[in-house]
Protein chains: 2
Amino acid sequence: MKIGELAKAAHVEVETIRYYERIGLLPAPARSHNGYRAYAGMHLERLAFIRHCRALDIALADVARLLRFVDDPSAECGEVDALIDTQLARVRARLDSLRTLEDQLVALRSQCGAPDRAAQCGILHELEAPTLGDACVCHGERPQ
Amino acid sequence: MKIGELAKAAHVEVETIRYYERIGLLPAPARSHNGYRAYAGMHLERLAFIRHCRALDIALADVARLLRFVDDPSAECGEVDALIDTQLARVRARLDSLRTLEDQLVALRSQCGAPDRAAQCGILHELEAPTLGDACVCHGERPQ
DNA sequence: GTTGACCCTGTAGCGGCTACAGGGTGTGTC
DNA sequence: GACACACCCTGTAGCCGCTACAGGGTCAAC
């Protein structure tokens, strides 16, 4: 399998595959007589594993840790759990902060009356508010 | 005001201020006899504006666009609305995908029985599933 | 005169790719 | 044989928003 074929099979960019090889995540494949990379089924499996982890937003360093368990089936896998738990906590923290952000943007958006001159723009005024130490619609009484 | 004082007043790192100057977001201040940056109130206002936008996760390029309206109060501000709307849409899209991610991670986490050997690890098996074209607990019947 | 806190410039690093530049190879068509 | 075109190679730089040095200068206090 040439790199382009692997890329299509795994729905990944060619450059991404070379990048994974460079950082040691995907083992370097054999080379054909012309120097082209020649991949085997194992590479597709590994790449699919990586992409699956990435779809779960798991950092590449953590993917590398998970791959070590794949390579060593006799290892204790408690760390795998912990890693997924940490990932889940990270996602939930980000969800919380994005929800707050959404509320703030909605509040900010509501400041716009009829669009006119910047001088009268409620949104810009709100964005400037904390400058003066005032409360702002999005961040409440005490800015920051 | 020296850069360290400005940094404290705006709750920003010194390096961040120099970075904003370098990319043209914060105007270069006057210099004292010793070459130190000497900031005026205007810089604090502008920096607070920038940080407020950043707290709303507005990209620096968009902050620059907003600052142009601050500098030209007679301009039409329809673009300000549009920018906030776009930002809100971005945040909501990210929220959606994070919520899906959360569900997937929870499903994945539930695959762990008692932690033991990696060979028996339900989580690792699920992460490997799409490799074989199987359905996986987190991505449903048809992986990818 | 020495310590320590601050300031300066310039550059490199983070993550996870993405996008070249500048070349080689393989296949098909004229 | 000549050409086009798709693909492959290596190496490097760019994206974002900082952050963290290295290697130096300045200033006030003790």
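Look above for the structure.
Reading the values: the criteria
- Residues numbered from 1 in each chain as written.
- Chains lettered and ligands numbered in written order.
- Predicted model: local features only at pLDDT ≥ 70, side-chain atom pairs only at ≥ 80, totals over all residues.
- Heavy atoms only, no water.
- Near = heavy atom within 4 Å.
- Polar contact = N/O pair within 3.5 Å; in protein donor to acceptor, adjacent residues only side chain to side chain.
- Nonpolar A, V, L, I, M, F, W, Y, C, P; charged D, E, K, R; others polar.
- Contact = heavy atoms within 4.5 Å.
- Buried area = accessible area lost by both parts, 1.4 Å probe.
- Salt bridge = Lys/Arg side-chain N within 4 Å of Asp/Glu carboxyl O.
- Helix = DSSP H or I, 4+ residues; strand = E, 2+ residues; numbered from the N terminus.
- Least-squares fit on C-alpha atoms with pLDDT ≥ 70 in both.

**Topic: the protein's contact with DNA strand C**
At step 1: Taken together, 20 residues sit near DNA strand C, with Tyr20(A), His33(A), Gly4(B), Arg18(B) and Arg37(B) positioned nearest.
At step 2: Taken together, the sugar and phosphate atoms account for 80% of what DNA strand C places within 4 Å of the protein.
At step 3: Within the side chain of His33(A), one N or O atom sits 2.8 Å away from a phosphate oxygen of DNA strand C.
At step 4: The contact in question runs from a phosphate oxygen of DNA strand C to an N or O atom on the side chain of Arg54(A), over 2.9 Å.
At step 5: Of the residues contributing to the surface near DNA strand C, the split by class is seven nonpolar, five polar and eight charged.

**What about the interface of chain A and chain B?**
At step 1: Listed as interface residues are 58 residues of chain A and, on the opposing side, 58 residues of chain B.
At step 2: Summing both sides of the interface, chain A and chain B together bury roughly 5100 Å²; the carbon and sulfur share of this comes to 70%.
At step 3: Among the residues chain A hides against chain B, the three largest losses belong to His52(A), Leu105(A) and Leu127(A). Together they make up 12% of the total.
At step 4: Linking chain A with chain B are eight salt bridges, by the criterion used here.
At step 5: A salt bridge links Asp81(A) to Arg109(B); the shortest N-O distance between them is 3.7 Å.
At step 6: The tally of links from chain A across to chain B stands at five residue pairs in polar contact (both at pLDDT 80 or more).
At step 7: At the level of secondary structure, the elements contributing two or more residues to the side of chain A that touches chain B comprise α3 (41–55), α4 (60–71), α5 (78–109) and α6 (122–128) of chain A.
At step 8: Examining the composition of the side of chain A that touches chain B, we find that 20 residues originate from one element, α5(A), more than from any other.
At step 9: Tallied by class, residues from the side of chain A that touches chain B come to 33 nonpolar, nine polar and 16 charged.

**Some words on the relation of the copies chain A and chain B**
These two copies of the chain differ by a rotation about an axis and a displacement along the same axis.
At step 1: Superposition record for chain A on chain B: RMSD 0.1 Å, screw rotation 180°, translation along axis 0.0 Å. Such a combination of rotation and displacement between the chain copies is what one expects of a two-fold axis. Considering only C-alpha atoms, the residue of chain A closest to the rotation axis is Leu95(A), which sits at 3.3 Å.
At step 2: Comparing interface residues between copies, 100% of those in chain A also lie at the interface in chain B; the contact surface is shared.

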